[in-house]
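Structure assessment
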Amino acid sequence: ELSSATKRIASGYYGEKIYTGTEDEFGELARSFNTMSDELKGKLEETSAQNTQMNAILSSVLNPVIAVDRDLRILFINGSAKRIFGAEGLDPKGRFILDFVRSSSVQEALTALMKTNEPTVREIEMTAAGRDVYNVYANPIREFKEGGRSLGVVMIFQDITEIRKLEIMRKQFVANVSHELKTPLTSIKGFVETLRGGAVEDVRVR
């Protein structure tokens, strides 16, 4: 009965218990097994609830979020990320990120982070998203314990397309204003130089 219950737990039927009705060593073993089974079920339910909560939080984030493991396989991707990478209606979990994010800049950022294990920020242009511009904040995922090994990378994409468009407009405006002012300023400069050259005393010229 103990062997059978152990196999059922191994198959995912957590919380299995056995009853011997005795107070001998087998009864003690059964009680210890039942305690272990209850604790295992509680821990797994707690972990499942935490995972559900974490997924709900990340899924509700407006910015695209993607997490990958050391082999660049997708661990998590929220709805915003699916939209900009054309993966809506799909389940990319477990697949290579480069199957969806065909960007050399993203690949370079991931490769650099894997080597240095330090946070990095890159500005990339996403042609799949209509040539939109994003700041990509990439951070390593580490085990909780101190000095824990790296488990992968989490990336948050910030859309800065409008900011870049405004910067281009500002540069164009400055260039246009400079061009429009150049001709009259040149004329004024010539007049001033003429006056400073002595013509200021000539009433007609002045």
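Quantities reported herein were computed from a predicted structural model and do not represent experimental measurements.

The rules behind these values
- Residues numbered from 1 in each chain as written.
- Predicted model: local features only at pLDDT ≥ 70, side-chain atom pairs only at ≥ 80, totals over all residues.
- Heavy atoms only, no water.
- Helix = DSSP H or I, 4+ residues; strand = E, 2+ residues; numbered from the N terminus.
- Expected span 1.5 Å × (residues − 1).
- Buried < 20%, exposed > 50% of the residue type's maximum accessible area, 1.4 Å probe, protein only.
- Arc of directions from axis to C-beta.
- Contact = heavy atoms within 4.5 Å.
- Pairing = 2+ DSSP bridges.
- Axes fitted to C-alpha atoms, helices over the stretch in contact; angles between N-to-C directions.
- Core = buried A, V, L, I, M, F, W, Y, C linked by side-chain atoms within 4.5 Å.
- Salt bridge = Lys/Arg side-chain N within 4 Å of Asp/Glu carboxyl O.

Regarding helix α4 (residues 104-116)
The end-to-end C-alpha distance of α4, which contains 13 residues, comes to 18 Å, matching closely the 18 Å that a straight helix rising 1.5 Å per residue would cover. Where α4 is concerned, the buried positions are Val106, Ala109, Leu110, Leu113 and Met114. Down the axis of α4, the sector holding all buried residues measures 130°, keeping them to one side. Where α4 is buried, its residues touch β1 (65-69), β3 (120-126), β4 (132-142) and β5 (150-159). At the exit of α4 stands asparagine 117, carrying a positive phi of roughly 60°.

Here's the deal with the sheet that holds β1
The strand order across the open sheet formed by 5 strands is β2-β1-β5-β4-β3, and the pairing between neighbours is antiparallel. Two strands close off the open sheet at either side, each with one partner strand: β2 (74-77) and β3. Across this sheet, the average inter-strand angle for adjacent strands is 25°, counted without regard to direction. Relative to β2, β1 runs antiparallel, the two sharing 3 bridges. Residue pairing across strands places isoleucine 66 opposite isoleucine 77, the latter belonging to β2.

Quick notes on the nonpolar core
Ile66, Ile97, Met155 and Phe157 are the most contacted members of the largest nonpolar core, which has 24 residues in total. Looking at this core, the elements that each hand over two or more residues are β1, β2, α3 (79-84), α4, β3, β4 and β5. With 4 residues, the top contributor of residues to this core is α4. Ignoring anything within four residues of it in the chain, the contact list for phenylalanine 157 reads Asn63, Pro64, Ile66, Phe85, Val106, Ile124, Tyr134, Asn135 and Val136. Formed by 5 residues, the second largest nonpolar core is a distinct cluster that contains Ala5, Ile9, Ile18 and Ala30.

Some points on the environment of tyrosine 13
Along the chain, the position of tyrosine 13 falls in the loop between α1 (2-10) and α2 (25-60). On the basis of relative accessible area, tyrosine 13 is assigned to the exposed category, the value being 54%. Considering only alpha carbons, one finds tyrosine 13 and lysine 41, 28 residues apart in sequence, at a separation of 9.0 Å.

Focus: the environment of aspartate 91
With respect to the secondary-structure elements, aspartate 91 resides in the loop between α3 and α4. The spacing of aspartate 91 and arginine 70 is 21 residues in sequence and 19 Å in space, taken between C-alpha atoms.

Observations concerning unusual backbone geometry
Although it is not a glycine, leucine 72 sits at a positive phi angle of roughly 65°. Mapped onto the elements of the fold, leucine 72 is located in the loop between β1 and β2.

Points about the pattern of salt bridges
Per the stated rule, a full pass over the model turns up 7 salt bridges. The salt bridge partner of glutamate 28 is arginine 31, with a shortest N-O separation of 3.2 Å. Residue glutamate 28 and its partner arginine 31 are located together in helix α2, separated by 3 residues, close to a single helical turn. For glutamate 28, a relative accessible area of 44% gives the class partly exposed. Here arginine 31 falls in the partly exposed class, since its relative accessible area comes to 36%. Ionic pairing is found between arginine 164 and glutamate 167, a salt bridge with its closest N-O pair at 3.1 Å. Taken together, the positions of arginine 164 and glutamate 167, both in helix α5 (residues 161-196) and 3 residues apart, correspond to about one turn of that helix. Judged by relative accessible area, glutamate 167 falls into the partly exposed class, the value being 30%. One network of salt bridges, with partners in common, ties together Glu23, Glu28 and Arg31.

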